[in-house]
Amino acid sequence: QVRLVESGGGLVQPGGSLRLSCAASGIIFSTYAMGWYRQAPGKQRELVATIASGGSTAYIDSVKGRFTISRDNAKDTVYLQMNNLKPEDTAVYYCYSRRSDRGDYWGQGTQVIVSS
């Protein structure tokens, strides 16, 4: 059974930082691309950051220079370090895993609220 479990969300003031974690089980983690989506109230889900099995990364423009995605294959965990958070970063953040021959798996989401 595949499980992706996110943690690390919460309430933070503008300019603050959070680190999201996503622990995977039931997959050969090192062979999967991993990433983070987010969905704000009333908006479509958007892809925030991805990290390939080989380690290359990609980000949406609005988070470049502020967010960093990383992975620890020894711990089957992917991280999203979020710095200089803005109110528009408020959303539910979802972890996902992808392998072309196995499809996508999703976590349950973790809420991030950026507010003073």
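The structure displayed is predicted, hence computed values, not measured ones.

So what's going on with the environment of Gly103? Which residues, and what values?
Along the chain, Gly103 falls in strand E10 (residues 103-106). Residue Gly103 is classed as partly exposed on the basis of its relative accessible area, which comes to 30%. Separated by 71 residues in sequence, Gly103 and Tyr32 have C-alpha atoms that sit 9.8 Å apart.

Mind laying out the state of the cysteines, listing which residues take part and the relevant values?
Applying the stated criterion across every chain, the model contains one disulfide. One disulfide bridge connects Cys22 with Cys95, the sulfur atoms lying 2.1 Å from each other. Between Cys22 and Cys95, the disulfide has an S-S torsion of -75° and is therefore left-handed. Within this pair, whereas Cys22 is found in strand E3 (residues 18-25), its partner Cys95 is found in strand E9 (residues 91-99), the two being separated by 73 residues in sequence. Its relative accessible area of 0% is what places Cys22 among the buried residues.

If you had to explain the environment of Asp76 to someone new, which residues and values would you point to?
Relative to the helices and strands, Asp76 resides in the loop between strand E7 (67-72) and strand E8 (77-82). Asp76 sits in the partly exposed class, given a relative accessible area of 26%. In the structure, Asp76 is positioned 33 residues away from Gly109 in sequence and 17 Å away in space, judged by C-alpha atoms. Look past the residues within four positions of Asp76 in its chain and what remains in contact with it is Cys22, Ala23, Ala24 and Phe29.

How would you explain the environment of Val12 if you had to name every residue and give the values?
Turning to its location among the elements, Val12 is positioned in strand E2 (residues 10-12). A relative accessible area of 12% means that Val12 is categorised as buried. Distance from Val12 to Tyr32, taken between C-alpha atoms, is 31 Å for residues 20 residues apart in sequence.

Account for the side chain of Ser21, with residues named and values stated.
Note on placement: Ser21 falls in strand E3. Under the relative-accessibility criterion, Ser21 is labelled buried at 15%. Apart from the residues lying within four places of it in its own chain, the contact partners of Ser21 are Val5, Glu6, Ser7, Trp36, Thr77, Val78 and Tyr79.

Account for the packing of aromatic side chains, naming residues and giving values.
For the structure on display, the rule yields four aromatic pairs. Ring centres of Tyr32 and Tyr105 lie 6.5 Å apart, and the angle between their planes is 50°; this geometry places the pair in the tilted category. Of this pair, Tyr32 sits in the loop between E3 and strand E4 (33-39) while Tyr105 sits in strand E10; the two residues are 73 residues apart in sequence, bridging distant segments of the chain. For Tyr105, a relative accessible area of 27% gives the class partly exposed. Three or more aromatic residues joined by ring pairs form one cluster here, namely Tyr37, Tyr96 and Trp106. The lysine or arginine in question, Arg45, covers the ring of Tyr94, its NZ or CZ lying 4.0 Å from the ring centre.

What counts as what
- Residues numbered from 1 in each chain as written.
- Predicted model: local features only at pLDDT ≥ 70, side-chain atom pairs only at ≥ 80, totals over all residues.
- Heavy atoms only, no water.
- Helix = DSSP H or I, 4+ residues; strand = E, 2+ residues; numbered from the N terminus.
- Buried < 20%, exposed > 50% of the residue type's maximum accessible area, 1.4 Å probe, protein only.
- Disulfide = S-S within 2.5 Å.
- Contact = heavy atoms within 4.5 Å.
- Phe/Tyr/Trp six-rings, centres within 6.5 Å; stacked < 30°, edge-to-face > 60°.
- Lys NZ or Arg CZ within 6 Å of the ring centre and 35° of its normal.

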